[in-house]
Amino acid sequence: MRVSYQWLKDYVDIQITPQELADRLTLSGLAVDVVEELGAEIENVVTGRITKIEKHPNADKLVVCQVDAGKDEPLQIVTGATNVREGHMVPVALEGAKLAKGLQIKRSKLRGVESRGMLCSGQELGMESKLLSADMANGILILPDDVKVGLDAKEVLGLSDSVLELDLTPNRGDALSMIGVARDVAALLNTRLKVPVPKLEENQENINEIAKIEIEDPDLCRRYVGRVIKGIKIGASPIWLQNRLRAAGVRPISNVVDVTNYVMLETGQPLHAFDYDKLANHHIIVRRAKENEKIVSLDGVERTLNPEMLAITDEKGPVAVAGVMGGLDSEVTADTVNVLIESAYFHPINVRRTSKALGLRSESSVRFEKGIDINNCKKVADRALQLIQQLAGGIVVSGAIDQFPNPIAEKTILLRPSRVNWMLGVEIPKSEIVQIMENLQFRVQEQGEELLVTVPTFRPDIFGEWDLVEEVARLHGFNQIPETLPFGASTQGVRTPEQQMNWDIRKIMTSCGFYEVVTYSFVHPRIFDLMNLPQNSKFRNVVKLQNPLSEEQSVMRTVLVPSLLEVLVKNLNRRAQSGAIFEISRVFYPQEGQPLPEEVPVLAAVAYGNTEKTWNQSARQMDFFFMKGVVEQLLQALGVPDVVFKRHQDPSFHPGRCASIETNGQVLGVVGELHPNVVENFELPGRTVAMKLDLQVLAQTDRPVKQYQGLPKFPTVERDLAVLVKQEVLAADMLSIIQKAAGNLLKETEIFDLYQGTQVPEGYKSVAFSMKFQALDRTLTDEEINDKMQRIIKSLAAQTGAELRK
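Keep in mind that what you see is a predicted model, and the values were worked out from it rather than measured.

Peer 1: Would you explain the overall build of the protein chain in this entry?
Peer 2: Regarding its fold elements, the protein chain presents 22 helices and 39 strands. Taking 2.2 N^0.38 as the reference for a compact globule, 806 residues should give roughly 28 Å; the C-alpha atoms of the protein chain span a radius of gyration of 41 Å, well beyond that estimate. Oriented by its inertia axes, the alpha-carbon framework of the protein chain measures out at about 125 × 85 × 60 Å. Counting all 806 residues of the protein chain, 50% fall into the buried class. Taking the intrachain contacts of the protein chain between residues at least 6 apart in sequence as the baseline, contacts between residues at least 24 apart amount to 69%.

Dropping the structure here:
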């Protein structure tokens with residue numbers, strides 16, 4: 001919202017500077033982003049009349065003008081503008097003048113002819129071309145004929161003004177008007193608000209005899225006021241009106257249209273002017289549009305309507321889209337003589353949906369969306385007719401058609417001063433609270449120590465006592481409320497078990513050298529082909545978006561790994577030779593008969609290339625065993641017991657380098673190298689590894705409580721064991737057998753050698769284990785250790801066919 005400082009002073013007496021006013025408004029909750037000083041760079045520009053125009057003797061595209069600028073003698077000025085004529089009143093930059101963008105005017109010669117100044121265009125005076133008429137946007141600015149010679153052009157063009165650009169919160173629709181802002185200014189400055197009271201001259205004709213208005217859908221149109229004025233003359237608006245519209249960012253068009261825009265900016269109530277003679281049988285019907293009904297809007301675009309939209313129609317069809325924009329067929333033109341003014345209340349949500357569906361957002365729709373004062377419709381229509389009479393002549397037809405099926409009463413709210421002071425932590429006298437309410441035009445009735453506050457309908461954002469407390473706080477001054485320490489009962493915030501688990505996972509993964517990323521939950525359906533998933537895969541059953549931004553983000557993901565692979569690809573394209581990333585997020589599975597999908601939290605990680613080289617450790621390839629080690633370290637740190645890795649087949653992973661991650665019979669996830677087809681589809685390096693964990697299953701896993709014990713006092717005994725087994729025997733199974741056979745005395749077991757070669761029979765492999773035995777209460781004897789070793793050897797032989805390697 002652009003607020004003209006000079007215009008604002010019509011409604012309230014302001015004795016402070018624009019910047020001071022901006023600071024006061026910002027502290028009161030109406031934030032001012034910028035204070036723009038119009039014409040701040042302009043100096044020494046006056047109004048002048050062109051008395052004579054002659055051809056330039058040495059240039060075909062230049063003319064020599066004699067200009068009366070109120071000086072002792074006419075000024076000779078050379079210009080190339082094509083829109084100037086003798087008798088035109090124009091802004092003249094005198095010698096030494098300063099214009100927009102630092103341009104300075106000096107006496108000069110153009111093709112041998114002296115020029116003592118310059119005729120100015122709107123852009124040279126800092127005016128936006130979009131706010132000028134078509135003939136002035138690219139030429140000299142032509143002023144009205146009644147402007148006097150020698151005046152300061154800044155004053156004439158309203159360039160001595162300041163504009164406050166407000167950044168309004170969505171609930172303050174009332175501040176989308178000059179009077180709405182003036183109301184807050186008057187309350188802040190504790191001064192009187194001056195609101196224009198319309199006075200009309202009406203004829204003896206009855207409007208009900210010449211026009212008819214029907215509301216077929218009162219839920220979407222709760223009030224519709226129509227008034228008629230006849231015998232007007234369309235023309236240009238006076239300079240003061242044009243200046244105010246331009247200051248507000250609105251382009252002047254004609255006197256009648258400008259009045260509707262002016263009154264909308266003044267009151268916040270959108271209006272529309274119909275050419276009365278173009279309305280079929282002068283009959284307006286407010287109804288839902290029919291399916292595929294067409295209208296050509298004022299911007300010249302044909303738009304297709306539907307029954308969800310509210311249309312203003314005559315007996316032939318739509319003449320406007322309610323609350324958004326009028327139709328081209330009924331617009332006010334230079335030939336218009338009679339006008340019907342519309343002042344209505346349309347449902348905010350319906351206007352917003354219609355505006356969005358049509359891709360058409362207007363000043364009117366913005367105000368209707370935020371809510372307007374339904375009880376002000378007729379008064380605003382009268383105000384518009386008053387100004388039309390002043391600027392375009394004509395006579396107002398007596399009476400108004402006011403369709404108001406369900407009048408709305410003002411709200412009355414109980415306000416307790418004690419509650420105000422308790423909530424704000426200050427002591428504000430009741431008299432000051434009453435004064436603030438009355439300054440905001442709220443009516444107050446005292447009932448002992450309590451107040452009954454009647455809230456006018458121009459403040460639809462006020463619902464209860466807490467809203468009134470906020471009004472007291474912002475008008476009293478937030479900066480006057482002292483800082484105090486909080487009091488009362490407090491609770492210490494703690495993470496839920498799931499939050500704590502995710503927090504721990506992040507710390508562990510980053511300690512392993514992985515970077516966390518965040519990717520979109522929306523993906524392209526082609527990722528399932530890229531991930532080598534079969535057509536009957538359950539992961540292809542996805543939730544489709546009804547209104548996707550693009551096909552690239554048209555479905556909710558059911559797998560997380562491809563999102564991470566796309567990140568790796570981007571890094572690889574930027575010559576990153578290695579990368580390790582992870583993400584904790586959700587995947588989405590549709591639920592039959594349910595409107596919302598099942599959201600499952602998952603962890604996924606991918607890596608390629610080598611680890612970073614350090615001063616004491618060489619780089620190593622991030623292969624299957626690297627990722628398996630990361631998973632082991634992660635699950636061990638999380639306290640997950642008895643983790644085993646088993647051969648697994650997954651279409652996205654390499655058939656021989658993939659394992660499921662299990663504990664106590666529950667599958668937690670998968671780890672392995674990606675399938676060569678997947679690597680090729682994503683154009684990744686040859687060995688890219690990945691892992692995925694179902695965090696929902698992980699959170700439900702029984703994890704024993706950590707127990708602590710003192711450091712052992714007795715030494716460990718180390719023994720090595722090498723056996724020959726068939727190649728298909730899993731090392732994990734052998735480790736499990738060793739642990740069960742040895743019992744509690746075995747504290748640690750590691751595989752330190754794996755050999756397949758000429759010294760081992762074909763189809764066999766040699767596996768060597770390093771074992772550490774220890775007791776907490778004694779030093780172990782050789783007999784005890786030998787007994788354990790024999791049990792281990794017998795168990796391995798019985799269950800895997802292992803033989804001691806000789």
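Structure shown, so let's carry the discussion forward.
Peer 1: What is the right way to read the nonpolar core from this model?
Peer 2: Grouped burial of nonpolar side chains is what soluble globular proteins tend to show. In this structure, Leu8, Tyr224, Ile312, Phe346 and Met437 are the most contacted members of the largest nonpolar core, which totals 121 residues. Those residues in contact with Phe346 that lie beyond four places of it in its chain are Leu220, Cys221, Tyr224, Leu310, Ile312, Ala322, Gly323, Val351 and Phe368. Counting 39 residues, the second-largest nonpolar core is a separate cluster that includes Ala69, Ala93, Ile105 and Ile142.

Peer 1: Just to check I follow, could you spell out the pairing of strand 3 (residues 43-55) for this structure?
Peer 2: Two faces, one strand: in a regular strand the side chains alternate between the faces of the sheet. Alignment of strand 3 against strand 6 (residues 89-98), held across six bridges, turns out to be antiparallel. Of the residues in strand 6, the one forming a bridge with Val46 is Val92. As paired strands, strand 3 and strand 4 (residues 63-68) are joined by six bridges and run antiparallel to one another. In the strand pairing of strand 4, Lys52 is matched with Gln66.

Peer 1: Is there a simple way to explain a negative patch on the surface in this structure?
Peer 2: Taken together, the side chains of Glu718, Asp720, Glu748 and Glu750 present a region of like negative charge at the surface. At the level of elements, strand 36 (717-726) and strand 37 (746-755) are the ones that each hand at least two residues to the negative patch. Residue position: Glu748 is located in strand 37.

Peer 1: In this structure, what is going on with the sheet that holds strand 38 (residues 764-773)? I would like to understand it.
Peer 2: Backbone hydrogen bonds are what pair the strands of a sheet, in a parallel or an antiparallel way. Here we have four strands laid out as an open sheet, ordered 37-38-36-39, and antiparallel in their pairing. The open sheet terminates on both sides in strands that have one partner only, identified here as strand 37 and strand 39 (803-804). Sitting on the sheet, helix 21 (residues 731-742) touches strand 36, strand 37 and strand 38, and the angle it makes with strand 37 is about 145°. Here helix 22 (residues 782-800) sits on the sheet in contact with strand 36, strand 38 and strand 39, set at roughly 15° to strand 36.

Peer 1: Explanation requested: the packing of aromatic side chains in the structure shown.
Peer 2: Note on aromatic pairs: each is described by the distance of the centres and the angle between the planes. Applying the stated criterion to the full structure yields five aromatic pairs. Centre to centre, the rings of Phe514 and Phe626 are 6.1 Å apart; their planes meet at 10°, and the pair counts as stacked. Separated by 112 residues along the polypeptide, Phe514 in the loop between helix 15 (497-511) and strand 27 (515-516) and Phe626 in helix 18 (residues 624-637) bring together distant segments of the chain. Taken individually, Phe514 and Phe626 each receive the classification buried, so the pair is uniform in this respect. Members of the aromatic cluster, connected to one another through ring pairs, are Trp7, Trp240 and Tyr262. Positioned above the aromatic ring of Phe645, the side-chain terminus of Lys628 is 4.7 Å from the ring centre.

Peer 1: Where do I start with unusual backbone geometry in this structure?
Peer 2: Peptide bonds are trans in most cases, and residues, glycine excluded, mostly fall at negative phi. The phi torsion at Asn292 lies on the positive side, around 65°, for a residue other than glycine. On the secondary structure map, Asn292 appears in the loop between strand 15 (283-288) and strand 16 (294-296). Accessibility expressed as a relative area gives 48% for Asn292, which makes it partly exposed. Even without a glycine there, the phi angle at Glu683 is positive, about 60°. Within the fold, Glu683 resides in the loop between helix 19 (676-682) and strand 35 (688-694).

Peer 1: Sorry if this is basic, but what is going on with the packing of helix 7 (residues 239-247) against helix 8 (residues 255-267) here?
Peer 2: A packed helix pair is summarised by two numbers, namely the angle formed by the two axes and the spacing between the axes. Remark: helix 7 packs on helix 8, axes separated minimally by 10 Å, with the N-to-C direction vectors making an angle of 55°. One finds that helix 7 runs oblique with respect to helix 8. Classified by chirality, the crossing of helix 8 by helix 7 is left-handed. Each of Trp240, Leu241, Arg244 and Leu245 in helix 7 lies in contact with helix 8, whose residues at this interface are Asp258, Val259, Asn261, Tyr262 and Leu265.

Peer 1: Honestly, the side chain of Lys765 in this entry has me stumped. Any pointers?
Peer 2: Secondary-structure assignment places Lys765 in strand 38. Polar side-chain contacts of Lys765 include one of 3.3 Å to the backbone oxygen of Gln727. Apart from the residues within four sequence positions on either side, Lys765 is in contact with Val723, Leu724, Val725, Lys726, Gln727, Val729, Leu754, Tyr755, Gln756 and Val760.

Peer 1: Would you mind going over the pattern of salt bridges with me for this structure?
Peer 2: Evaluated as defined, the whole model comprises 47 salt bridges. With a closest N to O distance of 2.8 Å, Asp184 and Arg474 form a salt bridge. Highlighted residues: Asp184 in helix 5 (residues 178-189) and Arg474 in helix 14 (residues 465-476), separated in sequence by 290 residues. The exposure class assigned to Arg474 is buried, which follows from its relative accessible area of 4%. In this structure, Arg526 and Glu552 form a salt bridge, with 3.3 Å as the shortest nitrogen-oxygen distance. Of the two residues, Arg526 sits in the loop between strand 28 (522-523) and helix 16 (527-530) while Glu552 sits in the loop between helix 16 and strand 29 (555-556), which places them 26 residues apart along the sequence. Judged by relative accessible area, Arg526 falls into the partly exposed class, the value being 35%. Several salt bridges share partner residues, and in doing so they unite Arg172, Asp174, Asp184, Arg459, Asp461, Glu471 and Arg474 into one network.

Peer 1: Teacher, can you tell me more about the packing of helix 21 against helix 22 here?
Peer 2: Where helix 21 meets helix 22, the axes come as close as 9 Å, and the angle between the chain directions of the two elements is 140°. By the angle class used here, helix 21 and helix 22 are oblique. Between helix 21 and helix 22 lies a crossing whose hand is right-handed. Here helix 21 contributes Met734, Ile737, Ile738, Ala741 and Ala742 to the contact with helix 22, which in turn contributes Lys788, Arg791, Ile792, Ser795, Leu796, Gln799 and Thr800.

Peer 1: Sorry, what's going on with the side chain of Thr47 here?
Peer 2: You can see Thr47 is positioned in strand 3. Ignoring anything within four residues of it in the chain, the contact list for Thr47 reads Asp68, Ala69, Met89, Val90, Leu143, Val147, Lys148, Val149, Gly150, Leu151, Ala153 and Val156.

Peer 1: Even after reading the chapter, I still don't get the pairing of strand 38, so can you show me in this structure?
Peer 2: In terms of burial, strand 38 is largely enclosed, as eight of its ten residues are buried. Pairing of strand 36 with strand 38, which is carried by ten bridges, proceeds in the antiparallel orientation. For Val723, the partnering residue across the bridge sits in strand 38 and is Val767.

Peer 1: Help me understand helix 13 (residues 430-439), please; the structure alone is not making it clear to me.
Peer 2: Helical geometry note: an α-helix holds 3.6 residues per turn, so side chains three or four residues apart project in the same direction. Among all positions of helix 13, only Ile433, Val434, Ile436, Met437 and Asn439 are buried. After helix 13 finishes, the residue Gln441 shows a positive phi value of roughly 70°.

Peer 1: Sorry, what's going on with helix 15 here?
Peer 2: Here helix 15 contains 15 residues, and its C-alpha end-to-end distance of 21 Å stays within 8% of the 21 Å for a straight helix at 1.5 Å per residue. Of all the residues in helix 15, the buried ones are Met501, Asn502, Ile505, Ile508 and Met509. All buried residues of helix 15 fall inside an arc of 130° around its axis, so they share one side. Those residues of helix 15 that are buried lie in contact with strand 30 (579-589), strand 31 (598-608), helix 18, strand 35 and helix 20 (695-700). Positive backbone phi, approximately 95°, marks Gly513, located one or two places after helix 15.

Peer 1: Looking at this structure, how should I read the environment of Tyr515?
Peer 2: Tracing the sequence through the fold places Tyr515 in strand 27. Taking the C-alpha atoms as reference points, Tyr515 and Glu205, 310 residues apart in sequence, are found 80 Å from one another. Residues contacting Tyr515, with those up to four places away along its chain left out, are Ala580, Ile581, Phe582 and Glu612.

Definitions and cut-offs
- Residues numbered from 1 in each chain as written.
- Predicted model: local features only at pLDDT ≥ 70, side-chain atom pairs only at ≥ 80, totals over all residues.
- Heavy atoms only, no water.
- Helix = DSSP H or I, 4+ residues; strand = E, 2+ residues; numbered from the N terminus.
- Rg over C-alpha atoms; globule rule 2.2 N^0.38 Å.
- Buried < 20%, exposed > 50% of the residue type's maximum accessible area, 1.4 Å probe, protein only.
- Contact = heavy atoms within 4.5 Å.
- Core = buried A, V, L, I, M, F, W, Y, C linked by side-chain atoms within 4.5 Å.
- Pairing = 2+ DSSP bridges.
- Patch = residues over 30% accessible without salt bridge, like charges linked within 9 Å, V, L, I, M, F, W, Y side chains within 5 Å.
- Areas by Shrake-Rupley, 256 points an atom, 1.4 Å probe, with all protein chains shown as cover.
- Salt bridge = Lys/Arg side-chain N within 4 Å of Asp/Glu carboxyl O.
- Lys, Arg positive; Asp, Glu negative; His and termini not counted.
- Charge placed at Lys NZ, Arg CZ, Asp CG, Glu CD.
- Axes fitted to C-alpha atoms, helices over the stretch in contact; angles between N-to-C directions.
- Phe/Tyr/Trp six-rings, centres within 6.5 Å; stacked < 30°, edge-to-face > 60°.
- Lys NZ or Arg CZ within 6 Å of the ring centre and 35° of its normal.
- Parallel < 35°, antiparallel > 145°, perpendicular 65-115°, else oblique.
- Left-handed = near helix turned anticlockwise from the far one by under 90°.
- Polar contact = N/O pair within 3.5 Å; in protein donor to acceptor, adjacent residues only side chain to side chain.
- Expected span 1.5 Å × (residues − 1).
- Arc of directions from axis to C-beta.

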